[in-house]
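These are the residues of each chain, in order.
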Amino acid sequence: MSVQDLAMVYPAHVSEMQRRATEALGRGGFDHLVVPSGTSHYHLFDDRDYPYAVNPQFKAWLPLVRNPGSWLVFTPGQRPKLVYLQPFDYWHVVPQAPAGYWLEHFDVVVIREPDEALQHLPRDPARCAILGEPQSTVGGFAPNNPAPVLQYLEFHRAYKTPYEVAMMRAATRRGVRAHRAAERAFRAGASEFGIHLVYCQAAAQDAMELPYNNIIALNEHGAVLHYTERDRVAPATSRSFLIDAGASHDGYACDITRTYAADTGSEFQALVDAVDAAQRTMCDQVRAGVDYRQLHLDAHQALAAILKDFGLVTVSPEAAVATGVSSAFFPHGIGHGIGLQVHDVAGFAASDAGGTIPKPEGHPYLRLTRDLAPGMAVTIEPGLYFIDLLLDKLKADGRGDSVDWSRVEAFKPYGGIRIEDDVVCTDADPINLTREGFAEAA
Ligand code: GLY
Ligand code: MN
Ligand code: MN
């Protein structure tokens, strides 16, 4: 989507933000919403700073992700105000003068020192819902993060505006381009570190901008769910490649996983294809009114059927699920909300006024338990892994007969499989941003 297109959909986004903020302030009994963009943090006993991460409550309003010390102020019935820090500083590149399609929707004041913000914030901090971290405090404006305000905003943040979907599309386009380059590097025999560099180059983003640490796993490393080591030297033989890597666009994330076999005629490729086919069916279930917990439980059934088809389990799929054997091969949740954060907030929120929807018993790693509704963006990321720690447990606790260990040994050198797409629920067919992105790039 071009900048002109974003300019078309942004006004509706900012007015929805105002509508939500007005309601949230009413619930908390406050007159003003005050949101600091955040500050730089430093290593202990050192003058080195950590990469700056903008306050998500701030970037929800406007696409500014590199502006520590700025503030957003909203008073219902008035235009939102941006207090924009543009320091005098010759050590660092300072933010440009504010510009962009969003600018006309804000009253902007430029400040040169962080404390100058005080002159532009509401008079009485006690009347303000101040959303941020303690380090952002200036004067009497210490973040108070009132629960009713946060609960309302975070619950509704699950429902993306068309502008936000456009932002996620842009992030996806960048991520897909980099995934394609990474696959080529894998097939050319690159090391994990080398593939990572190729990915960053193709995405034109590095650790400062990527929404999470790349998972680039060859062979057995695919069995480590969050493998972020990156061997500098390529293995003698690269059999398989699991890549879980994203990209960002002005604060919005994509989260994409693909798994490849070096030998496309191999049984491992067939297993990848089976998981891929099952994953597409799961993505098609991202529909309004569907309980996301059910998607997770259904995924166990589908994956257990694949385990049975490939002779990895000896019992029926139903029995594999009922006895927890499927969880040894699929030990994480089916996915999570995504948007401003890779793992978006309020995954368990029962309502916009609080409450928690519990995870299904025996599924502690599921991150989203809400019913799906139009606008929600979620990942669908089933996987099958050969993880010694979990498989040994099956053996040790008497469930070893449910598994064909010779088949496990045959697949272990490939590590594991995960296929992950980002999918938007609508009131009709779901939008699979990731598949769309790969189709566009084909
Ligand atoms: N990349 C982390 C996840 O898939 O949730
Ligand atoms: Mn994910
Ligand atoms: Mn991922």
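1. Notes on the packing of helix H6 (residues 267-283) against helix H7 (residues 292-309)
- At a minimum axis distance of 10 Å, the contact between H6 and H7 shows a crossing angle of 155°. The angle between H6 and H7 places the two elements in the roughly antiparallel class. Between H6 and H7 lies a crossing whose hand is right-handed. Contact residues: Leu 271, Ala 274, Val 275, Ala 278 and Met 282 in H6; Leu 295, Ala 299, Ala 302, Leu 303 and Ile 306 in H7.
- Considered class by class, the residues forming the contact of H6 with H7 number ten nonpolar, no polar and no charged.

2. Focus: the pairing of strand E12 (residues 421-424)
- Residues Asp 421 and Val 423 line one face of E12 and the alternating positions Asp 422 and Val 424 line the opposite face, and both faces are buried.
- With four bridges joining them, strand E9 (residues 377-380) and E12 adopt antiparallel strand pairing. By the bridge assignment for E12, Ile 380 is matched with Asp 421.
- Linking two consecutive strands that pair antiparallel, namely E12 and strand E13 (residues 431-432), is a turn of six residues.

3. Regarding the coordination of the manganese ion (ligand 3)
- Distances from the manganese ion (ligand 3) to its protein donors, namely Asp 244 (OD), Asp 244 (OD), Asp 255 (OD) and Glu 420 (OE), fall within the range 2.1 to 2.4 Å.
- Here the manganese ion (ligand 3) binds six donor atoms, and the angle range of 57 to 169° at the metal identifies the geometry as irregular.
- Spacing between the donor residues of the manganese ion (ligand 3) along their common chain follows D-x10-D-x164-E.
- Here the manganese ion (ligand 3) and the manganese ion (ligand 2) are spaced 3.3 Å apart, with Asp 255 acting as a shared donor. Separated by 176 residues along the polypeptide, Asp 244 in strand E7 (residues 240-249) and Glu 420 in the loop between strand E11 (416-418) and E12 bring together distant segments of the chain.
- Taking the relative accessible area as the measure of exposure, Glu 420 reaches 0% and is therefore buried.

4. Description of the packing of aromatic side chains
- Taken as a whole and judged by the stated rule, the model has 14 aromatic pairs.
- A ring pair is formed by Tyr 10 and Tyr 101, whose centres lie 5.4 Å apart and whose planes are at 70°; its orientation type is edge-to-face. Pair noted here: Tyr 10 is in helix H1 (residues 3-28) and Tyr 101 is in the loop between strand E3 (81-85) and strand E4 (107-111), with a separation of 91 residues, a long-range link. In this structure, Tyr 10 and Tyr 101 share a single accessibility class: buried.
- Members of the aromatic cluster, connected to one another through ring pairs, are Tyr 10, Tyr 101, Tyr 163 and Tyr 252.
- Its end group placed over the ring of Phe 155, Arg 370 keeps NZ or CZ at 3.8 Å from the ring centre.
- Over the aromatic face of Trp 405 sits the side chain of Lys 395, whose NZ or CZ is 4.4 Å from the ring centroid.

5. Observations regarding the sheet that holds E7
- Pairing is antiparallel in the open sheet, where three strands are placed in the order E6-E7-E8. In this open sheet, the two strands that pair with only one neighbour each are strand E6 (215-218) and strand E8 (252-261). Each adjacent strand pair in this sheet contributes to an overall mean axis angle of 15°, direction not counted.
- Sheet topology places E7 next to E8; ten bridges connect them, and they run antiparallel.

6. Description of the coordination of the manganese ion (ligand 2)
- Surrounding the manganese ion (ligand 2) are the protein donor atoms Asp 255 (OD), His 336 (NE2), Glu 381 (OE) and Glu 420 (OE), at 2.0 to 2.2 Å.
- One way to put it: the six donor atoms around the manganese ion (ligand 2) meet at angles of 52 to 155°, and that makes the site irregular.
- Given a relative accessible area of 3%, Asp 255 falls into the buried group.
- For His 336, a relative accessible area of 3% puts it in the buried group.

7. Let's talk about the environment of Arg 127
- Relative to the helices and strands, Arg 127 resides in the loop between E4 and strand E5 (128-130).
- Each C-alpha atom of the pair Arg 127 and Phe 30 lies 5.2 Å from the other, and the pair is 97 residues apart in sequence.
- The contacts of Arg 127, once residues within four sequence positions are left out, are Gly 29, Phe 30, Asp 31 and His 32.
- Among the polar contacts made by the side chain of Arg 127, one reaches the main-chain carbonyl oxygen of Gly 29 at a distance of 2.9 Å.

8. Regarding the packing of helix H4 (residues 162-187) against helix H5 (residues 192-203)
- Interhelical geometry of H4 versus H5 gives an angle of 150° and a closest axis separation of 8 Å. In this structure, the crossing between H4 and H5 has a hand that is right-handed. Residues Arg 174, Gly 175, Arg 177, Ala 178, His 179, Ala 181, Ala 182, Ala 185 and Phe 186 of H4 lie in contact with H5, whose contacting residues are Ile 195, Val 198, Tyr 199, Ala 202 and Ala 203.

9. Things to note about H4
- Spanning 26 residues, H4 covers 37 Å between terminal C-alpha atoms, matching the ideal 38 Å at 1.5 Å per step.
- A positive phi of about 90° marks Gly 189, the residue just after H4.

10. Here's the deal with unusual backbone geometry
- The phi torsion at Asn 219 lies on the positive side, around 55°, for a residue other than glycine.
- Take Asn 219: its relative accessible area is 5%, and that puts it in the buried class.
- Backbone geometry at Ala 346 places phi at a positive 65°, although glycine is not the residue there.
- Locating Ala 346 in the fold gives a position in the loop between helix H9 (325-329) and E9.

11. Some thoughts on H5
- The end-to-end C-alpha separation of H5 is 16 Å, in line with the 16 Å expected for twelve residues at 1.5 Å each.
- Of all the positions in H5, only Glu 192, Ile 195, His 196, Tyr 199, Cys 200, Ala 202 and Ala 203 are classed as buried. Projected down its long axis, H5 carries its buried residues within an arc of 165°, all on one side.
- In this structure, the buried residues of H5 make contact with H4, E6 and E7.
- One or two steps after H5, the chain reaches Ala 204, where phi turns positive at roughly 55°.

12. A short note on the site of ligand 1
- Close to ligand 1 lie Tyr 212, Asp 244, Asp 255, His 336, His 343, Glu 381 and Glu 420, which account for all nearby residues.
- Within the side chain of His 336, one N or O atom sits 3.1 Å away from an oxygen atom of ligand 1.
- At 3.0 Å, a side-chain N or O of Glu 381 approaches an oxygen atom of ligand 1.
- Looking at the shell around ligand 1 residue by residue, the classes come out as one nonpolar, two polar and four charged.

Rules behind the numbers
Residues numbered from 1 in each chain as written. Chains lettered and ligands numbered in written order. Predicted model: local features only at pLDDT ≥ 70, side-chain atom pairs only at ≥ 80, totals over all residues. Heavy atoms only, no water. Axes fitted to C-alpha atoms, helices over the stretch in contact; angles between N-to-C directions. Helix = DSSP H or I, 4+ residues; strand = E, 2+ residues; numbered from the N terminus. Parallel < 35°, antiparallel > 145°, perpendicular 65-115°, else oblique. Left-handed = near helix turned anticlockwise from the far one by under 90°. Contact = heavy atoms within 4.5 Å. Nonpolar A, V, L, I, M, F, W, Y, C, P; charged D, E, K, R; others polar. Buried < 20%, exposed > 50% of the residue type's maximum accessible area, 1.4 Å probe, protein only. Pairing = 2+ DSSP bridges. Donors = N, O, S within 2.8 Å, 3.2 Å for Na, K, Ca; no water. Tetrahedral: all angles 85-135°; square planar, octahedral: opposite > 155°, others 65-115°. Phe/Tyr/Trp six-rings, centres within 6.5 Å; stacked < 30°, edge-to-face > 60°. Lys NZ or Arg CZ within 6 Å of the ring centre and 35° of its normal. Polar contact = N/O pair within 3.5 Å; in protein donor to acceptor, adjacent residues only side chain to side chain. Expected span 1.5 Å × (residues − 1). Arc of directions from axis to C-beta. Near = heavy atom within 4 Å.

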